[in-house]
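So you can see what is in the structure, the chains are spelled out below.
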Amino acid sequence: MTVIKPPFTEETARAKVKAAQDAWNTRDPEVVVKGYSVDSKWRNRTEFFSGHDAIKQFLKRKWSKELNYKLMKELWAFSGNKISVRFEYEWKDADTGRWMRTHGNEHWEFNEDGLMQTRDMSANDYPIDESERRIK
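Residues numbered from 1 in each chain as written. Predicted model: local features only at pLDDT ≥ 70, side-chain atom pairs only at ≥ 80, totals over all residues. Heavy atoms only, no water.

Digging into the sheet that holds strand S3 (residues 66–79)
Phase 1: The 6 strands lie next to each other as S2-S1-S6-S5-S4-S3, forming an open sheet whose pairing is mixed. What marks the edges here is a single partner per strand, and that holds for strand S2 (47–50) and S3. Taking the axes of each pair of neighbouring strands and ignoring which way they run, one obtains an average angle of 20° across the sheet.
Phase 2: Bridge count for strand S1 (residues 36–44) against strand S6 (residues 116–128) is 5 bridges, and the pairing is parallel. Bridging from a neighbouring strand, Trp42 pairs with Arg119 of S6.
Phase 3: Lying over the sheet, helix H1 (residues 10–24) contacts S1, S3, strand S4 (82–93), strand S5 (99–110) and S6, oriented at roughly 165° with respect to S3.
Phase 4: Along the sheet face, helix H3 (residues 52–65) touches S1, S2, S3 and S4 and points at about 130° away from the line of S3. (Pairing = 2+ DSSP bridges. Helix = DSSP H or I, 4+ residues; strand = E, 2+ residues; numbered from the N terminus. Axes fitted to C-alpha atoms, helices over the stretch in contact; angles between N-to-C directions. Contact = heavy atoms within 4.5 Å.)

As structure tokens, then:
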């Protein structure tokens, strides 16, 4: 696989976003973590953590609750070694069986090797009917 490194152009920023989307849609923490530096710092809503082990634990916990997870990411802005995305994903709540949609934004910062060293995420969830699903 080609490593996409900063500084980003529109073409490489779009490719980086698509690669992240594809990795997350595997729902495999071992695949996802490969895109992050070993000391990557995350803010995910109200959680703050860093490092591969914490990322894997977070993702395992996330996908044990968010079943049938399917994600769409869209490039919002880029400059130098930074990319911002808008995302939307749908999932079925493991506790309630209710379908949910999540909308949010992420701001990413990459090291010179093209690995994400900072991920800052904000999101909102709301219930939907299964018939309202857009991402399948």
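After that view, the rundown keeps rolling.
Some details on empty space enclosed by the protein
Phase 1: A full pass over the atoms with the stated rule returns 1 cavity of 30 Å³ or more.
Phase 2: Computed from the structure, the largest cavity encloses a volume of approximately 40 Å³.
Phase 3: Around the largest cavity, the lining residues are Trp24, Lys62, Tyr69, Leu71, Lys73, Phe87, Tyr89, Glu106, Arg119 and Met121.
Phase 4: Examining the composition of the lining of the largest cavity, we find that 3 residues originate from one element, S3, more than from any other.
Phase 5: In terms of residue class, the lining of the largest cavity is made up of 6 nonpolar, no polar and 4 charged. (1 Å grid on protein atoms, 1.4 Å probe; cavity = no way out; pocket = protein on both sides within 12 Å on 5 of 7 lines; lining within 4 Å. Points joined across faces, edges and corners; volume = space filled by probe spheres on them. Nonpolar A, V, L, I, M, F, W, Y, C, P; charged D, E, K, R; others polar.)

Concerning the pattern of salt bridges
Phase 1: Per the stated rule, a full pass over the model turns up 18 salt bridges.
Phase 2: With a shortest N-O distance of 2.6 Å, Asp93 and Lys65 are connected by a salt bridge. Pair noted here: Asp93 is in strand S4 and Lys65 is in helix H3, with a separation of 28 residues, a long-range link.
Phase 3: When its relative accessible area of 9% is taken as the criterion, Asp93 is described as buried.
Phase 4: The partly exposed category is assigned to Lys65, whose relative accessible area is 34%. (Salt bridge = Lys/Arg side-chain N within 4 Å of Asp/Glu carboxyl O. Buried < 20%, exposed > 50% of the residue type's maximum accessible area, 1.4 Å probe, protein only.)

Thoughts on the pairing of S3
Phase 1: With 11 bridges joining them, S3 and S4 adopt antiparallel strand pairing. Each residue of the ladder has a partner; that of Ala77, found in S4, is Ser84.
Phase 2: Taking the residues between adjacent antiparallel strands as the criterion, S3 and S4 are bridged by 2 residues, where Gly80 takes a positive phi near 60°.

Focus on the packing of aromatic side chains
Phase 1: If you walk through the whole model with that rule in mind, you get 11 aromatic pairs.
Phase 2: On the numbers, 5.4 Å between centres and 65° between planes, the contact of Trp63 with Tyr69 is edge-to-face. The pair formed by Trp63 and Tyr69 is uniform in burial state, with each residue classed as buried.
Phase 3: Through a chain of ring-to-ring contacts, the aromatic side chains of Trp24, Tyr36, Trp42, Phe49, Phe58, Trp63, Tyr69, Phe87 and Tyr89 assemble into a single cluster. (Phe/Tyr/Trp six-rings, centres within 6.5 Å; stacked < 30°, edge-to-face > 60°.)

A short note on the side chain of Arg101
Phase 1: If you trace the backbone, Arg101 turns up in strand S5.
Phase 2: For Arg101, a relative accessible area of 5% puts it in the buried group.
Phase 3: A distance of 2.9 Å separates polar atoms of two side chains, one belonging to Arg101 and the other to Glu90.
Phase 4: A polar contact of 2.7 Å, which involves the side chain of Arg101, links it to the backbone oxygen of Glu132.
Phase 5: Beyond its immediate chain neighbours, meaning those up to four positions away, Arg101 contacts Glu88, Tyr89, Glu90, Asn124, Asp125, Tyr126, Ile128, Glu132, Arg133 and Arg134. (Polar contact = N/O pair within 3.5 Å; in protein donor to acceptor, adjacent residues only side chain to side chain.)

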